[in-house]
Amino acid sequence: MKTLAILALGLLSIGLNAQDIAPQFQKEGDNIKATYFHENGKVAQTGYFLNGKLHGKWKMYNTEGKKIAMGKYIQGKRTGKWLFWQEDILKEVNYTDSKIAAVVTKEKAKRVVVN
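A.B. asks: Can you tell me about the side chain of E92, naming the residues and giving the values?
C.D. replies: Tracing the chain through its elements places E92 in strand β8 (residues 89-96). Looking at E92, its side chain comes within polar contact range of the side chain of K106, at 3.0 Å. Not counting chain neighbours up to four residues away, the residues in contact with E92 comprise K81, W82, L83, A102, V103, V104 and K106.

And the structure:
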């Protein structure tokens with residue numbers, strides 16, 4: 001019984017020290033801004049919803065906080081130019097109606113800061 005009580009207290013203390021990684025949602029005009037987190041507490045994705053569908057700019061980050069993708073949704077469909085980074089490779093993917101229209105790969109690409 002004593003072992004069970006110690007185990008329960010140990011689990012409780014772990015639970016109290018765990019970071020809150022639940023998604024956050026905030027109303028901004030007609031849109032809902034969403035922020036999702038990795039297990040380590042760093043931001044995984046940020047973007048917007050409109051009428052329950054992905055809408056507007058979305059950005060994705062790896063577990064270290066480096067941007068790995070960004071692009072735009074219109075009424076739940078990927079559209080326009082999306083950028084995907086992997087190490088020093090940049091892929092520019094053009095979407096039309098959520099379908100890939102073209103892909104351009106650039107080696108030795110530096111990350112660009114785009115808000």
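A.B. asks: Go over the pairing of strand β2 (residues 31-37), please, and point to the residues and values.
C.D. replies: As paired elements, strand β1 (residues 24-28) and β2 share 5 bridges and run antiparallel to each other. From the neighbouring strand, E28 faces β2, where its bridge partner is N31. If you look at the hairpin formed by β1 and β2, you'll find 2 residues sitting between the two strands, and G29 has a positive phi there, around 65°. Summarising the sheet, β2 and strand β3 (residues 43-50) pair through 6 bridges and their orientation is antiparallel. Bridge assignment links I32 to a residue of β3, and that residue is F49. Hairpin remark: β2 followed by β3, antiparallel, with 5 residues in the connecting loop; positive phi at G41, about 95°.

Conventions used here
Residues numbered from 1 in each chain as written. Predicted model: local features only at pLDDT ≥ 70, side-chain atom pairs only at ≥ 80, totals over all residues. Heavy atoms only, no water. Helix = DSSP H or I, 4+ residues; strand = E, 2+ residues; numbered from the N terminus. Polar contact = N/O pair within 3.5 Å; in protein donor to acceptor, adjacent residues only side chain to side chain. Contact = heavy atoms within 4.5 Å. Pairing = 2+ DSSP bridges.

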